[in-house]
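# Structure at a glance
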Amino acid sequence: MRTLLHNGRILDPSQDLDIIGSVLIEDDQIVALGEQVPMEDLDDIYDCSGLWIAPGLVDPHVHLREPGDEHKETIATGTQAAAAGGFTTICCMPNTRPPLDTPALIDFLLDRSASPDAGGVFVAPVGALTVGMKGEQLADLAALKHAGIVAASDEGFPIQSSLVMSQAMQFCVQLDLPIMAHCEDLSLSKGGSMNEGAVSAMLGLKGIPRSAEEIAVMRNCLLSLHTGCHLHIMRVSTWGAVEMVRQAKYLGAPVTCEVCPQHFVFTDESVGEFDTNFKMLPPLRTQVDIDLILEALADNTIDCIASDHSPHASHEVQAAFEEAPFGTVGLESVVGVTLTHLTHRGILSPLETIRKLSTTPAQLLRLGAGTLKPDETPVATITVIDPNLEWTYDVNKTFTKGKNSPFHGMQLKGKTMLTFSGSEIYRDRYFNESRLRMSSLV
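This section reports on the structure supplied with the text.

### What to know about the side chain of Asn404
- Mapping Asn404 onto the fold places it in the loop between strand E16 (381–392) and strand E17 (411–421).
- A residue is classified by how much of its surface remains accessible, and Asn404, at 2% relative accessible area, is buried.
- Leave out the neighbours within four places in its chain, and Asn404 touches Asn277, Ser310, Pro311, His312, Val317, Gly327, Thr328 and Val329.

### Examining the sheet that holds strand E15 (residues 304–305)
- Pairing is parallel across the open sheet formed by eight strands, whose spatial order is E6-E7-E8-E9-E10-E13-E14-E15. Looking at strand neighbours, the two that pair on one side only are strand E6 (57–62) and E15, the edges of this open sheet.
- Where strand E7 (residues 87–92) and strand E8 (residues 122–128) come together, four bridges link them in parallel fashion. Each residue of the ladder has a partner; that of Thr89, found in E8, is Phe122.
- Its contacts with the sheet put helix H2 (residues 103–113) on E7 and E8, and the angle it makes with E8 is roughly 165 degrees.

### A look at the packing of aromatic side chains
- Under the definition given, this model contains six aromatic pairs.
- With a centroid separation of 5.1 Å and an interplanar angle of 90 degrees, the aromatic rings of Phe266 and Phe278 are classed as edge-to-face. Residue Phe266 is found in the loop between helix H9 (261–265) and helix H10 (287–298), and its partner Phe278 is found in the loop between H9 and H10; the two are separated by twelve residues along the sequence. Like Phe278, Phe266 is buried.

### Considering the packing of helix H7 (residues 210–227) against helix H8 (residues 239–250)
- For the pair H7 and H8, interaxial distance at closest approach is 8 Å and the crossing angle is 10 degrees. With respect to their mutual orientation, H7 and H8 come out roughly parallel. Contact residues: Arg210, Glu213, Glu214, Val217, Met218 and Cys221 in H7; Trp239, Gly240, Ala241, Met244, Val245 and Ala248 in H8.
- When its residues are assigned to classes, the contact of H7 with H8 shows eight nonpolar, one polar and three charged.

### Here we look at the environment of Cys91
- Mapped onto the secondary structure, Cys91 falls in strand E7.
- C-alpha separation for the pair Cys91 and Ala248, spaced 157 residues apart in sequence, amounts to 25 Å.

### A few points about the pairing of strand E18 (residues 423–427)
- Bridging between E17 and E18 involves four bridges; their strand directions are antiparallel. Considered in E18, the bridge of Leu418 is made with Arg427.
- Where E17 folds back onto E18 in an antiparallel hairpin, the turn is made up of one residue, including Gly422, whose phi is positive at roughly 90 degrees.

### Describing a nonpolar patch on the surface
- The grouping of Met218, Leu222, Leu225, Tyr250 and Leu251 at the surface amounts to a nonpolar patch, some 530 Å² of accessible area in total.
- If you tally residues by element for the nonpolar patch, the top one is H7, at three residues.
- Residue placement: Leu225 occurs in helix H7.

### So, the nonpolar core
- Ranked by internal contacts, the top residues of the largest apolar core, which has 92 residues, are Ile179, Ile233 and Phe264.
- Of all the elements, helix H4 (residues 162–175) adds the most residues to this core, at six residues.
- With near-sequence residues (within four places) excluded, Ile233 lies in contact with Ala181, Cys183, Val217, Cys221, Val245, Val255, Thr256, Cys257 and Glu258.

Criteria and thresholds
Residues numbered from 1 in each chain as written. Predicted model: local features only at pLDDT ≥ 70, side-chain atom pairs only at ≥ 80, totals over all residues. Heavy atoms only, no water. Helix = DSSP H or I, 4+ residues; strand = E, 2+ residues; numbered from the N terminus. Buried < 20%, exposed > 50% of the residue type's maximum accessible area, 1.4 Å probe, protein only. Contact = heavy atoms within 4.5 Å. Pairing = 2+ DSSP bridges. Axes fitted to C-alpha atoms, helices over the stretch in contact; angles between N-to-C directions. Phe/Tyr/Trp six-rings, centres within 6.5 Å; stacked < 30°, edge-to-face > 60°. Parallel < 35°, antiparallel > 145°, perpendicular 65-115°, else oblique. Nonpolar A, V, L, I, M, F, W, Y, C, P; charged D, E, K, R; others polar. Patch = residues over 30% accessible without salt bridge, like charges linked within 9 Å, V, L, I, M, F, W, Y side chains within 5 Å. Areas by Shrake-Rupley, 256 points an atom, 1.4 Å probe, with all protein chains shown as cover. Salt bridge = Lys/Arg side-chain N within 4 Å of Asp/Glu carboxyl O. Core = buried A, V, L, I, M, F, W, Y, C linked by side-chain atoms within 4.5 Å.

In structure tokens form, the structure reads like this:
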């Protein structure tokens, strides 16, 4: 089977490549790309004029909910949503029920993600940092790495003990295993449901101070500096946290971080009349935070963009604001939101956009993805994006079970058209069928 993606804008940050050309796929592998590629014996040709051809997108922060909360999401529905969003690799967080703290559970996750009913997306498991995610005893990280985890995390249950986190980092250095940290001082944030400030006071809601995030970021950065452990800070939301990451990098600490689209689009004022779609952790902050986050994206202090895809059942979200769960779905909206609010505004170039959505997260977690170089990945992983398609994000027309999203009804510019992971696994309904032609018609 020989498939040609023809005449598109090839964006591959791993090669600093930004050209108009074609990509040839043969037997699930990229065999050629560039301005001139072989055109003989083709089975399928996709006309990619006006479209971007990029390495398959990589999301380092996804909640698939299985096992334990299949009413919110399953591995099958989550990976289907990922494919529709343009993601060919996603990292599954460990705060399932039970947590991913044993090799048997890692095996279960990998087996289910490879089943025929899944979305054809590679699921890279992230193991629990402590047993039961209780923040006390370290999990058997060596066994978990042998089972296939790509990182360890305290996601959802941030480790409060500096001693335990220090021990975890020292052990992970020996294993050459990154730590993905949820940075929150629970003694400061307990009982809070939105950003602490004028809006929370007006609404009569207990706030979560920015110091709850920043104190934990500072502690973890210092421990990373002293231990040499690769620390990846998940979903930064305050300008103070960003500045601490910047300083940690300057001092030589192996620290990286991510930001989620909701934190560079919305402020705490978006909560409005207690809309639970805007309840997330860390909470939405202020315009000053957004302005400095945008600067940090542009100067690469923030390394990558993640969805923090956190689906919940409808009956859970339809509750009083204080009682509703934190989180939002995001896999199918990330591309549109990022292009609309970053790329088309000139904050990120197209190449830098793909770098933060694909190449950098793949490199940070050594995932064997994020590139179009022939023979560099197990199978061809490619995302084709229409950067100029204007559309409306509708949670009722998504693959994920979760319908909790602050982006519902938002007009966006930019959408995934095709996703390849070996072969085509998703084709968007907006993709014009005339773009796919059999070779006999060429």
